[in-house]
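As a plain string of letters, each chain reads:
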Amino acid sequence: MTDDLAALLASPNPAERALLAHAAAGTPCQLAATRPDPGDPAAPRVRAALLAHLICGGSAAAPVAPEGVRLVGAVVEGPLVLSFREARGETDLRACVFSHAIAARRAGFVQLVLNGSLLPGLMAEGATIAGSAFLIGIRATGRLSFAHAVIGGQLALHAAALRGLTAQGARIGASAYLRAADGTAFVCDGEASLSGAEIAGQLACDGARFHNPGGIALTLQGARIAGDAIFRDQGALPFHAEGEVRLSGARIGGQLDCASAEFDNPGGHALAAQRMQVGAEFFWQNVTVRAGTLYLPSAHVGDLVDDLASWPDGERTYLDGFTYDRITRGAPTDAAMRLAWLARVARKDGRFLPQPYGQCARVLHAMGHEAEARRIMEEQARLKGQARRRAALAAATTPRKRVAARLQNGFDYGWDAAAHAVIGYGFAPFRSLYWIAGLILIAAAMAQAAWTEGSMAPANDLVAASESWQSVLARDCVPTPFPGCLQNPAAAWNAAGGAGVDWETFQPLAWGADLVVPVPDFGQTATWSPTAGRGFWGFTLWWARWPLVLAGWAVSALAAAAATGIIQRGVPQ
């Protein structure tokens, strides 16, 4: 025992005498009902050297029961130095006011309780706490440090007000609570760092406020959290972060819940979570990102639970490589909403990012939403074409190359537009049926008009030269009408009782299908042909049949390519 300590024990003040008696008896020593005012001369005071002596086991002159030291409502004067020392029993210093930061580097505690206390700081780097560290409702005017500490139970900082927190590399055997309590928010002014920490339970930050404008407000970089990470509101208290929230490389075994959270970091990342891993749901609903960007490249979450409004637009969201297994809990799965979402999150610095489209389509397809998945892949293909043409034009550095690029882009655009319109780039092959049906109806309508007009004739040369057909043509109203002339010789010739009754009967739909569809052959176009000189519709159909044939071949070829997989690119698996 040092002379200074002997002097303290020889002349304790009333508060210290009470503490000595309770420490020996193993009972709590309550000197005040609430945290005292250090400016009050009558406030109970305990000298830090005496308190440290008792915490570390005391002596024959100042015995300490196995329960340890339990002190409530004292002003602790002087530096409390516990570094590299072992506490006896519980260290419970509630509602106390400390004049100096507590030094507890590499200290060993059975359990540490500082609930409701006011302290300039706590340096507990490398400390070992067999039980829990309870710092509920504390007010710290300096930094708290549990860097590389080992805490067997929980780290409880409910409703605390801090000036920075360091717990990087800490190992916490239960949960860590940096949360609001009883309507009072947890507040940290300055960086809160749990980078590289290992938390066996959950990290609860609901109703917390982290303030470090222009810097890192909260970092969990490389942290391992076995349970949930909760960054959401608690009642009327939102989770609010001013500064960057960094989850890069963090692994969260349970949920990441950011519902109703608020992020604000002008000019930087509001949330940076590249390569983060979340085992369960990622809740991202009713979120407000006032300023800053969301940066989640190559992150993975189990289930995505979101809404469109929570994702910032204007290229403030970067999700290239972001993956998820399902979209659940009522989050939208319709193509319209997902396409609107993808339009917000799939561009960076003007560049198109195709991966978010493929990822969304893969998940929707796996969930049974095949039509939605195909629509998303179709839109991806369209945007890829746009990006390809922009890149080709941007790469052209001379006038000649720019002309060549524009010509190439023209052909590319024509092919792209056809593939998009007819078969949805292979993701909507049945769309070609509508085009074929439309072409058939156009051809059939024109053929019917030409037939009614009398501008259709047998296409067989033998029939055309036959006596029966020539006798009918002799009564033709073209070129000079006369009484009893035939307005439609082909109809008269092919009618019941006519010379061509055994000839192929004209059918406009079959004729249109025969013209437009390469196979099968219905025999109509080989039997009947428009004549260009008898009237408007005959003339029109004569010239229109060539583009109709070409269009039919083109649509049929695209449909066949899509059906056989030559063009169709399946939804990513």
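For the structure itself, look to the data block above.
Residues numbered from 1 in each chain as written. Predicted model: local features only at pLDDT ≥ 70, side-chain atom pairs only at ≥ 80, totals over all residues. Heavy atoms only, no water.

A. Broad picture of the overall build of the protein chain. In terms of helices and strands, the protein chain carries 13 helices and 41 strands. In terms of overall size, the protein chain is more extended than a compact globule, its C-alpha atoms giving a radius of gyration of 42 Å where 573 residues would be expected to give roughly 25 Å. Its C-alpha atoms give the protein chain principal-axis dimensions of roughly 145 × 55 × 35 Å. Across the protein chain, every contact between residues at least 6 apart in sequence was considered, and the portion connecting residues at least 24 apart equals 55%. Looking at the protein chain as shown, the accessible area adds up to about 24,400 Å², and 57% of this sits on carbon and sulfur atoms. Taken together, the 47 basic and 47 acidic charged side chains of the protein chain have centroids lying 6 Å from each other. (Helix = DSSP H or I, 4+ residues; strand = E, 2+ residues; numbered from the N terminus. Rg over C-alpha atoms; globule rule 2.2 N^0.38 Å. Contact = heavy atoms within 4.5 Å. Areas by Shrake-Rupley, 256 points an atom, 1.4 Å probe, with all protein chains shown as cover. Lys, Arg positive; Asp, Glu negative; His and termini not counted. Charge placed at Lys NZ, Arg CZ, Asp CG, Glu CD.)

B. Region of the structure containing the state of the cysteines. All told, the structure shown has one disulfide when counted by the stated rule. Put simply, Cys477 and Cys485 are joined by a disulfide, and their sulfur atoms are 1.8 Å apart. Between Cys477 and Cys485, the S-S torsion sits near 95 degrees, and that sign places the bridge as right-handed. Take Cys477 and Cys485: they sit in the same class, and that class is buried. Unpaired in terms of disulfides, Cys56 finds its nearest cysteine sulfur in Cys96, a separation of 16 Å. (Disulfide = S-S within 2.5 Å. Buried < 20%, exposed > 50% of the residue type's maximum accessible area, 1.4 Å probe, protein only.)

C. Inspection of helix H7 (residues 399-423) at higher detail. Given a rise of 1.5 Å per residue, 25 residues ought to cover 36 Å, and the 35 Å separating the end C-alpha atoms of H7 matches this to within 8%. Within H7 the residues assigned to the buried category are Ala405, Asn409, Asp412, Asp416, Ala419, Val422 and Ile423. Buried residues in H7 make contact with helix H6 (370-395), helix H8 (431-453) and helix H13 (536-564). Just downstream of H7, Gly424 is the residue with a positive phi angle, here 55 degrees. (Expected span 1.5 Å × (residues − 1).)

D. The arrangement of the nonpolar core in detail. The biggest cluster of nonpolar side chains holds 123 residues, and the ones touching the most others in it are Phe146, Leu157, Phe210 and Phe231. Per-element accounting of this core gives the leading share, six residues, to helix H3 (residues 48-55). What Phe146 contacts, discounting residues up to four positions off in sequence, is Leu122, Ala124, Ile129, Leu135, Ile151, Leu155, Thr166, Ala167 and Ala170. In this structure, Ile436, Met446, Ala490 and Val555 belong to the second largest nonpolar core, which totals 31 residues. (Core = buried A, V, L, I, M, F, W, Y, C linked by side-chain atoms within 4.5 Å.)

E. Here's a closer look at the pattern of salt bridges. According to the stated counting rule, one finds 18 salt bridges in the structure shown. The closest approach of N and O atoms between Arg94 and Asp92, which form a salt bridge, is 2.9 Å. Arg94 gets classed as partly exposed once you look at its relative accessible area, which sits at 35%. With relative accessibility at 6%, the residue Asp92 sits in the buried group. For the salt bridge of Glu281 with Arg329, the shortest nitrogen-to-oxygen distance reads 3.0 Å. With a gap of 48 residues between them, Glu281 in strand S33 (residues 277-284) and Arg329 in the loop between strand S37 (323-327) and helix H4 (335-345) connect regions that are remote in the sequence. (Salt bridge = Lys/Arg side-chain N within 4 Å of Asp/Glu carboxyl O.)

F. Focus on the packing of H4 against H6. With their axes 9 Å apart at the nearest point, H4 and H6 run at an angle of 35 degrees to one another. Along this stretch, H4 crosses H6, giving a crossing that reads as right-handed. On H6, the residues touching Ala335, Ala336, Arg338, Leu339 and Leu342 of H4 are Glu372, Arg375, Ile376 and Glu379. Of the residues in the contact of H4 with H6, the class split is five nonpolar, no polar and four charged. (Axes fitted to C-alpha atoms, helices over the stretch in contact; angles between N-to-C directions. Left-handed = near helix turned anticlockwise from the far one by under 90°. Nonpolar A, V, L, I, M, F, W, Y, C, P; charged D, E, K, R; others polar.)

G. Summary view of the packing of aromatic side chains. Across all of its chains, the model carries 19 aromatic pairs by this definition. A network of ring pairs unites the aromatic residues Phe186, Phe210, Phe231, Phe239, Phe263, Phe282, Trp284, Trp311, Phe322, Tyr324 and Trp341 as a single cluster. In this arrangement the basic side chain of Lys348 is found over the ring face of Tyr318, its NZ or CZ atom lying 5.6 Å from the centre. Lying across the ring of Trp542, Arg545 places its NZ or CZ 3.8 Å from the centre. (Phe/Tyr/Trp six-rings, centres within 6.5 Å; stacked < 30°, edge-to-face > 60°. Lys NZ or Arg CZ within 6 Å of the ring centre and 35° of its normal.)

H. Layout of the pairing of strand S22 (residues 186-189). Covered by surrounding structure in S22 are Phe186 and Cys188 only, the residues Val187 and Asp189 on the alternate face being uncovered. With two bridges connecting them, strand S18 (residues 161-162) and S22 associate as parallel partners. Pairing of Leu162 across the sheet is with Cys188, part of S22. The pairing of S22 with strand S26 (residues 208-219) spans four bridges and is parallel. By the bridge assignment for S26, Phe186 is matched with Ala208. (Pairing = 2+ DSSP bridges.)

I. Structural context of the environment of Glu504. Relative to the assigned elements, Glu504 resides in the loop between helix H11 (489-494) and helix H12 (508-516). You can call Glu504 partly exposed: its relative accessible area is 36%.

J. Broad picture of a nonpolar patch on the surface. A contiguous nonpolar surface patch, about 380 Å² in accessible area, is contributed by Phe539, Trp543 and Trp546. The topology assignment puts Trp543 in helix H13. (Patch = residues over 30% accessible without salt bridge, like charges linked within 9 Å, V, L, I, M, F, W, Y side chains within 5 Å.)

K. Looking closely at the environment of Ala396. Here Ala396 shows up in the loop between H6 and H7. By relative accessible area, Ala396 is classed as buried at 10%. Measuring from C-alpha to C-alpha, the distance between Ala396 and Ala554 comes to 31 Å, with 158 residues separating the pair along the chain. What Ala396 contacts, discounting residues up to four positions off in sequence, is Lys401, Arg402 and Ala405.

By themselves, these figures tell us nothing about what the structure is for.
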